[in-house]
Amino acid sequence: PFESMYLTVHGAPTCLPIEAAATPTSLSEAMPTHPTLGVSVDSICCIGAGYVGGPTCATIALKCPHIKVTIVDLNEARIAAWNSDDLPIYEPGLAEVVKARRGKNLFFSTDVQGAIRESDIIFASVNTPTKVSGVGAGRAADLRYIEGVGRTVAQSANRSKIIIEKSTVPVRTAEALSRVLAANKGPHTYWILSNPEFLAEGTAMKDLAFPDRVLIGGAPTEEGMAAAGVLADIYATWVPRSRILTTNLWSSELSKLVANAMLAQRVSSINSISQLCERTGADVAEVSRAIGTDSRIGPKFLNASIGFGGSCFQKDILNLVYICESEGLHEAAKYWQQVVDMNEHQKATFSGKIISSLFNTVTNKKISVFGFAFKKDTGDVRETPALSVCHMLMQDGAVVHVYDPKVKREDALAEFRYHNMDVDERRLIFAPSPASAVEGSHAIVVLTEWDEFKTYDYGAFYGTMMKPAFLFDGRALLSRAALEGIGFEVHAIGQARPQGGCMRIRDAEGAPPVPLAPPPRQLTPAGCCASTTGRVILVTGTAGFVGFHAAIALRTRGDGVLGIDNFNGYYPPSFKRARAKALEEHGVLTLNVDLNDAEALSSLFKEHRFTHVLALAAQAGVRYATKDPQSYVKSNIEGFVNLAEVARAQDPMPRIVYASSSSVYGLNTKVPFAEDDVVDQPASLYAATKKSNEMMAHTYRHVYGLSFIGLRFFTVYGPWGRPDMAAFSFTKKIMTGEPLKIFQGPNESELERDFTYIDDITKGCIAAVDKVTPSTKQTAMNKVYNLGNKDPVTVSYLVDCIETALG
């Protein structure tokens with residue numbers, strides 16, 4: 001009876017091509033037991049009572065009243081909520097469906113094992129979050145709950161079962177699930193199917209009732225096809241056969257990841273254009289409308305916003321990135337990673353605009369936030385963009401008053417905790433009404449596109465707010481002209497401010513609007529630490545030569561970067577301050593902090609939770625050590641230890657990349673120098689302190705699990721270089737006609753130097769930041785690398801080059 005459902009598979013039986021199922025009748029209605037597989041088809045168990053399992057199986061119960069559907073979960077509070085009138089999740093239409101079928105053929109229970117024994121069709125709808133530690137942390141899917149389903153089924157099964165992956169999983173998860181079941185199966189047989197959900201929160205019930213397609217992946221065997229037919233028959237009760245597609249397991253699993261990645265890609269694409277619109281005067285809504293009328297593109301997912309959220313998009317893209325990298329497809333991985341990076345950048349840019357517009361500070365200012373859910377018509381806060389925006393505002397000192405018609409404060413706080421975001425709960429208030437959220441506030445920030453937000457009386461809101469009153473529309477939801485007519489200064493996603501950037505306010509007498517120019521925008525430490533990559537880096541010595549260039553490079557690629565320097569007088573501090581000033585144009589602030597100030601360092605680490613440290617601050621120079629040896633001990637040794645002590649007190653501990661020096665090779669005569677050479681013959685105090693750093697790194701790695709990469713810089717030159725270095729000092733003396741002092745080696749030999757251009761050093765620093773492993777006892781590393789160009793030249797050749805360049 002199933003042959004008509006499948007095309008003949010030619011060649012090796014490793015692939016089941018996508019096709020439309022075509023069985024003319026529904027077997028599950030015709031008979032309770034499958035004739036080939038012997039499984040009962042009148043009872044379904046769904047493990048996991050969440051956003052996928054609940055709506056999906058409630059719909060099956062509604063459409064298939066002849067099938068008993070039991071949704072089970074170990075979370076007693078969640079099951080109790082499903083059995084009440086206050087369901088644990090909100091979806092338009094869900095409550096009505098549950099109420100119609102609950103107690104008839106839809107049941108909610110904590111008896112997982114009993115439901116498994118009773119049903120032969122089992123949906124696995126458990127969470128598959130992104131791993132937070134171990135191999136693949138931050139990208140790979142955490143499959144512990146899927147594995148747990150396999151073990152639980154194997155332990156509880158009393159006969160053969162069809163197990164259906166409903167959770168979003170990486171490619172070949174079914175294979176892993178099969179191995180778990182096979183190792184514990186006893187006399188029973190298990191057929192595994194992939195049936196990914198393609199639901200959009202807020203329209204999930206509509207998506208289930210009228211799906212674009214139902215995708216079923218199964219093994220390309222006779223029994224695998226039969227198992228897929230069982231599930232196809234269930235859906236065929238209400239879904240046209242032409243929309244039920246069958247394929248192999250791997251294609252089905254990958255299709256879900258790719259679908260979400262493609263949708264998220266559209267969001268990030270239009271969001272990138274929204275920033276261009278704000279700079280050029282274009283309106284992103286008009287751009288979206290224009291391109292959306294192209295039938296090849298279409299209008300969906302082209303609404304600019306503060307970014308995508310929800311449980312799937314980011315998780316699935318990062319999973320896709322990890323799979324690509326695991327298969328050696330690094331360029332493909334970078335491509336998809338950029339979709340996530342753009343999403344993070346959009347949130348950080350929007351948050352920074354709020355702070356800078358409010359006169360560069362929101363400290364102790366009341367900010368009203370409309371919406372915390374990641375989209376309208378749902379109470380889901382997983383990966384919501386509001387999380388980043390609110391956190392950045394609170395980090396800068398704001399008191400955030402949130403109004404969302406469906407989100408509970410405890411759910412928001414749980415999401416902050418999940419992302420390890422420290423929240424002063426006194427600064428996060430959930431208001432009972434929009435009016436109470438707005439009263440006395442400096443700004444309204446729209447973060448969710450709830451339809452009711454368009455119906456509010458913003459004139460009344462304006463009257464209760466501090467003046468000037470700001471409105472930041474992160475969804476381009478409201479009428480800008482109407483709001484500006486009331487008196488608001490409006491900043492909307494994808495829309496440029498009026499030319500001149502002046503806000504307009506009305507006086508109490510109703511006089512014509514008066515332009516009021518905002519003060520110059522200033523950087524804040526929190527703004528500098530806003531990251532699109534997940535990396536927040538403390539760079540020590542940013543007013544120095546290498547630190548200056550490295551900080552720019554890191555910030556340019558999206559890392560959060562905060563700098564510190566003590567602006568000492570080894571060479572003119574005015575030059576260092578000029579570097580620090582130039583850094584501000586690139587979004588990097590340099591604080592005047594000494595490495596030996598443990599209290600200041602601890603405060604910075606606590607406030608900004610640095611993931612990495614690029615430790616470049618040091619007392620430089622070889623010959624200067626004869627004049628002031630204590631400065632080398634204080635900065636290079638005591639400062640290094642102090643930094644390591646503060647770092648090891650953090651949880652989690654940051655990863656550290658630090659500057660060593662080619663000077664450690666000292667009196668060694670073997671060339672070329674190699675990292676594994678013995679370096680116990682330093683020829684200067686400076687070299688000895690750098691060798692000490694390498695030894696201390698080894699110790700802190702061994703004792704505490706701090707992770708280190710040390711970089712032995714060879715003679716560096718380039719723009720903004722140190723004035724005491726040869727390239728600059730020689731140039732100055734040649735131009736002023738002063739004699740040059742060039743030192744010789746043994747037997748009057750000419751000295752050679754491995755002159756290395758600053759851009760190459762900067763690339764090495766970035767590579768080390770990316771390579772250094774997490775700081776844990778299990779994963780920490782301690783490596784040293786040479787950074788040089790491997791082509792040493794004599795000092796006199798350098799002089800020749802300078803003289804030639806000077807004519």
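This report concerns the structure included in the present document.

### Concerning the packing of helix 20 (residues 545-556) against helix 21 (residues 573-584)
Where helix 20 meets helix 21, the axes come as close as 10 Å, and the angle between the chain directions of the two elements is 0°. What the angle tells us is that helix 20 and helix 21 run roughly parallel. Along the contact surface, helix 20 presents Phe545, Phe548, Ala551 and Ile552, while helix 21 presents Arg579, Ala582 and Leu583. Among the residues making up the contact of helix 20 with helix 21, the classes are represented as six nonpolar, no polar and one charged.

### Some details on empty space enclosed by the protein
Taken as a whole and judged by the stated rule, the model has two cavities of 30 Å³ or more. The volume enclosed by the largest cavity comes to roughly 80 Å³. Considering the residues around the largest cavity, the lining is formed by 13 residues, among which Leu595, Ala615, Ala617, Phe640 and Asn693 are closest to the centre. Mapped by element, the contributors of at least two residues to the lining of the largest cavity are helix 23 (629-648) and helix 24 (685-704). For the lining of the largest cavity, the element with the most residues is helix 23, which contributes five residues.

### Observations concerning the sheet that holds strand 19 (residues 560-565)
Sheet strands line up and pair through hydrogen bonds in the backbone, either parallel or antiparallel. Ordered by their spatial adjacency, seven strands build an open sheet running 20-19-18-21-22-23-27, and the pairing between neighbours is parallel. Edge positions in the sheet fall to strand 20 (589-592) and strand 27 (782-787), since each of these pairs with one other strand and no more. On average, each strand axis in the sheet is inclined to that of its neighbour by 20°, with strand direction left out of account. For strand 18 (residues 536-540) and strand 19, the ladder comprises five bridges, and the chain directions are parallel. Bridged to isoleucine 537 within strand 19 is valine 561. Across the sheet, helix 20 lies against strand 18, strand 19, strand 21 (612-615) and strand 23 (708-713), angled at about 165° from strand 19, the strand it touches most.

### Examining a positive patch on the surface
Taken together, the side chains of Arg623, Lys733, Lys741 and Arg753 make up a positively charged region of the molecular surface. Tracing the backbone through its elements, the reader meets arginine 623 in the loop between strand 21 and helix 23. A relative accessible area of 60% places arginine 623 in the exposed class.

Scoring rules and cut-offs
- Within every chain, residues take consecutive numbers counted from 1 along the sequence as written.
- Only residues with pLDDT of at least 70 are given local features in this predicted model, and only at 80 or more are side-chain atom pairs given and counted; all residues enter the totals for whole chains, interfaces and linings.
- To get the side-chain values, all heavy atoms of the structure are used, and hydrogens and water are removed first.
- To define axes, lines are fitted to C-alpha atoms, for helices over the stretch in contact only, and angles between the resulting N-to-C directions are given on a 0 to 180 degree scale.
- Where helices and strands are cited, they refer to DSSP runs of H or I of at least four residues and of E of at least two residues respectively, numbered from the N terminus.
- If an angle is under 35 degrees, it is roughly parallel; if it is over 145, roughly antiparallel; if it lies from 65 to 115, roughly perpendicular; otherwise it is oblique.
- Between two residues, a contact is recorded if the distance between any of their heavy atoms is within 4.5 Å.
- Put simply, Ala, Val, Leu, Ile, Met, Phe, Trp, Tyr, Cys and Pro go in the nonpolar bin, Asp, Glu, Lys and Arg in the charged bin, and everything else, Gly too, in the polar bin.
- We place a 1 Å grid over just the protein atoms. Points where a 1.4 Å probe fits but has no way out form a cavity, open points with protein on both sides within 12 Å along at least 5 of 7 lines form a pocket, and any residue with an atom within 4 Å of a point lines it.
- Grid points are joined across faces, edges and corners, and a volume is the space filled by probe spheres set on the points.
- Any two strands with at least two DSSP bridges between them are considered paired.
- Put simply, a patch holds well-exposed residues, over 30% relative accessible area, that have no salt bridge, with like charges counted together within 9 Å and Val, Leu, Ile, Met, Phe, Trp or Tyr side chains within 5 Å.
- We get accessible surface area from the Shrake-Rupley algorithm with a probe of 1.4 Å; when it comes to residues, only the shown protein chains can shield them.
- We define a salt bridge as a contact between a side-chain nitrogen of Lys or Arg and a carboxyl oxygen of Asp or Glu at a distance within 4 Å.
- Charge counting follows a simple rule: Lys and Arg are positive, Asp and Glu are negative, and His as well as the terminal groups are ignored.
- Each charge is placed at NZ for Lys, CZ for Arg, CG for Asp and CD for Glu.
- Note on exposure labels: buried denotes an accessible area under 20% of the residue type's maximum, exposed denotes more than 50%, and partly exposed covers the range between, all computed with a 1.4 Å probe on protein chains only.

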